[in-house]
Amino acid sequence: MLSRLYTAAICIILFPILNLSASYKDEVHYTQLINELSLRGVSVPTGAGVSVTQVESREDTNGSGQLDSYEGYIPNPSNSEFSGKTITDASNLGQDPSNHGTWVGRNLYGNTSSISPGITAVSVYEANNFINSGWYSGTPPTESNPLQNHSWVNWFQNSNTSRRMDYAVNRDGFLPIVGIYNSDFGSQSTPSDIPDTYASIYNGITVGVSDGTHRYGTTTYDGAGRTKPEIVAPGGIPGLNPATQYTSFATPIVTAAAAYLIDAAGSNAAAKDQLSLKAILLAGADKSISANWDQTPTRPIDDVFGAGELDIYQSYFIQQGGQQIAGSIIGTHGWNLSNLSAYSSETYVINISSGFRLRKLSVIVTWNRKVKKQGPYFNPTLANMSLELTDDGDNSSVQSSDSAIDNIEHIWRDLGSELEAGSYNLTVATNLTTDYAIAWRSELYQDYTLWSSNAFTSSTPSAEQDPTDDPDGDGIENQLEQAFGGDPETNDLSILPISETIEDGGQSYLQISYRKSDFENGLNYTVETVTDLNGTWSSSTSEVELISITSETGAYDRYTYRRVAPLSSHEKAFLRVSVTQ
């Protein structure tokens, strides 16, 4: 029944114990996220309670050129990364552990390598056994896990495997995440390099690698012309060949990110819906992965990098921005899961206050292909949805996304296309009744010029509105009024940084705190320390460290820094906040 079966990466003969976590976690902004959550006193999600399905091809571990009967697919259960995990051999074929399966498992649920180490329940299938259990012919069995990871590729021309997968997604509500071909297979000029199984699915996420060396292009089966992949992630193997990336190892990083968001969602079922997860992951993706990232009104995502590189920091705050219903004024981050009837639309309102601009706006709309089982056949229908951003002032179109074949619509406004102050509408429309998810992120921006346009009244002469002026005579220059959230026309010293001595563990420490806007203001804040005012001020983390971030009213946070060394180490010590453009 099965024809050609290819793993999505080369087989790895040796399996050294390496720490691959640091570099990729930095790249997908996981390190930044957990540091910020810790500083804010927020519990860090770990993927706890999320169970996953891992489908693996058998691999030629001894390099013989053929699959021997003992060569397997199961991650090595004795690997320390899997301590405390329950890895179930769902195919029950009892073969030797797989190096490939172990690497995939480490990135997906490894205790140190994964961004979701809290995953403990894993069902592993051998790919042929998985396919033959109803995914190639017959009816797919029920999937009880919320996530499937497919770091393998197969070719079934006109086999309807993608339709069966989409059918099962609608029926069971899980999210399949799959890799596409690596650079070492096929010719990039051949469109058919987008395989039928499972890179041609609609109701999931296909993954490439961050350096763009995967096979990319458009689908040719079961809906030709759709852009793949939808997202990319790091796929290198530190210690073996970190410069070469493989989709096999990028895919579980995206799956782990989905598990992270499921954990972060808590009891919010809508936030854990597979449509919501897909929209949130794609909306958060980082476009800076390529200077050539682009889209067109009919091609929603880039033809190499998809929506961009996985950015768990942005995706987390999209989710935590909360569900915001159509018709409401939306925040800078958020999402919604909704339903539209045939030939109807819903609108989301963006309001940008005077003195601000909005930039880095990323909006994703996604919906599922519906597949109806009729006897042995699986018949699909797909709504044709559109997304349009309009200026509410004159109802003119600012940007639109209207692909007739994809089930993603995407609007991206880069730094060169900021939205000016005013009111805008995001309109989602459809020709067929369908559920959909929308997710967005953006950044409010206010540099000195924008701030001063709103901060001063006619009572302040223009000659006193420069950054170094002090029209209210409180000793705080206008630039610092902007930096710390002050009013340049009101004498008020309360906005200044607060320095104090605190006791901790029987020692006294010098610390300083200051207010900073939670929107981008074009300023750099640096806390510096010195023990002799004639010496050189230092911002080294070995001398001064950020210890907390707390929210304050009026879109401001308070950042608190402390000298690392206690006061007993020196006769005197000083801290200051340096603000620069």
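Structure first, text after, so check above.
Reading the values: rules and limits
Residues numbered from 1 in each chain as written. Predicted model: local features only at pLDDT ≥ 70, side-chain atom pairs only at ≥ 80, totals over all residues. Heavy atoms only, no water. Pairing = 2+ DSSP bridges. Helix = DSSP H or I, 4+ residues; strand = E, 2+ residues; numbered from the N terminus. 1 Å grid on protein atoms, 1.4 Å probe; cavity = no way out; pocket = protein on both sides within 12 Å on 5 of 7 lines; lining within 4 Å. Points joined across faces, edges and corners; volume = space filled by probe spheres on them. Nonpolar A, V, L, I, M, F, W, Y, C, P; charged D, E, K, R; others polar. Polar contact = N/O pair within 3.5 Å; in protein donor to acceptor, adjacent residues only side chain to side chain. Contact = heavy atoms within 4.5 Å. Axes fitted to C-alpha atoms, helices over the stretch in contact; angles between N-to-C directions. Core = buried A, V, L, I, M, F, W, Y, C linked by side-chain atoms within 4.5 Å. Buried < 20%, exposed > 50% of the residue type's maximum accessible area, 1.4 Å probe, protein only. Phe/Tyr/Trp six-rings, centres within 6.5 Å; stacked < 30°, edge-to-face > 60°.

> Sorry, what's going on with the pairing of strand β17 (residues 370-374) here?
Direction of pairing for β17 relative to strand β18 (residues 377-381): antiparallel, over a ladder of five bridges. Residue pairing for β18: Lys372 is matched across the bridge by Asn379. Between β17 and β18, which pair antiparallel in sequence order, lie two residues; one of them, Gly375, sits at a positive phi of approximately 65°.

> How should I be thinking about the layout of surface pockets in this particular structure?
Gaps left between atoms show up when a probe the size of a water molecule is rolled over them. A volume near 1,500 Å³ is recorded for the largest pocket. Surrounding the largest pocket, 45 residues form its lining, Glu36, Tyr313, Gln314, Glu443 and Asp518 being those nearest its centre. Sorting the residues of the lining of the largest pocket by element identifies α2 (30-39), α9 (312-320), β23 (434-445), β25 (507-517), β26 (524-530), β27 (544-552) and β28 (556-563) as the ones contributing at least two each. Sorting elements by how many residues they give to the lining of the largest pocket places α9 first, with five residues. For the lining of the largest pocket, the residue count by class is 17 nonpolar, 14 polar and 14 charged.

> Could you clarify how one ought to interpret the side chain of Gln245 in this entry?
Inspection of the secondary structure assignment puts Gln245 in strand β13 (residues 241-245). Engagement of the side chain of Gln245 in a polar contact is seen with the backbone nitrogen of Ser210, the distance being 3.3 Å. Of note is the side chain of Gln245, whose polar atom sits 3.0 Å from the backbone nitrogen of Gly235. Beyond its immediate stretch of four places on either side in the chain, Gln245 contacts Asn182, Val209, Ser210, Asp211, Thr213, Ala233, Pro234, Gly235 and Gly236.

> Looking at this structure, I do not really get the sheet that holds strand β22 (residues 422-430). What am I missing?
The strands making up a sheet are joined through hydrogen bonds of the backbone, oriented either antiparallel or parallel. If you walk across this open sheet you meet the four strands as β15-β22-β19-β20, and the pairing is antiparallel. Two strands lie at the open edges of the sheet, namely β15 (344-352) and β20 (397-401), each paired on one side alone. On average, adjacent strands in this sheet sit at an angle of 15° to one another, irrespective of strand direction. Both β15 and β22 contribute to a ladder of nine bridges, which runs antiparallel. Opposite Ile352, over in β22, you have Gly422 as the bridge partner.

> Help me understand the nonpolar core, please; the structure alone is not making it clear to me.
Most often, soluble globular proteins have nonpolar side chains that are buried together. Among the nonpolar cores identified, the biggest contains 58 residues, and Val52, Leu147, Ile231, Leu310 and Ile312 are the most heavily contacted of them. In terms of residues, this core owes the most to one element, helix α6 (residues 247-265), which gives twelve residues. What Ile312 contacts, discounting residues up to four positions off in sequence, is Val28, His29, Tyr30, Leu33, Ile115, Ala257, Tyr260 and Leu261. Formed by 25 residues, the second largest nonpolar core is a distinct cluster that contains Ile411, Tyr424, Leu426 and Tyr556.

> I'm lost on the packing of aromatic side chains in this one. Help?
The geometry of an aromatic ring pair comes down to the distance between the two centres and the angle between the two planes. Here the structure, examined in full by the defined rule, presents 22 aromatic pairs. Arranged with centres 5.7 Å apart and planes meeting at 10°, the rings of Tyr514 and Tyr559 form a pair that is stacked. Pair noted here: Tyr514 is in strand β25 and Tyr559 is in strand β28, with a separation of 45 residues, a long-range link. Judged by its relative accessible area of 2%, Tyr514 falls in the buried class. Look at Tyr559 and you get buried, because its relative accessible area is 15%. Taking 6.2 Å as the distance between ring centres and 75° as the angle between the ring planes, the aromatic pair formed by Phe519 and Tyr556 counts as edge-to-face. In this pair, Phe519 sits in the loop between β25 and β26 while Tyr556 sits in strand β28, placing the two residues 37 residues apart along the sequence. Residue Tyr556 is classed as buried on the basis of its relative accessible area of 12%. Following the ring pairs from residue to residue traces out a cluster consisting of Tyr30, Tyr260, Tyr313, Tyr316 and Phe317.

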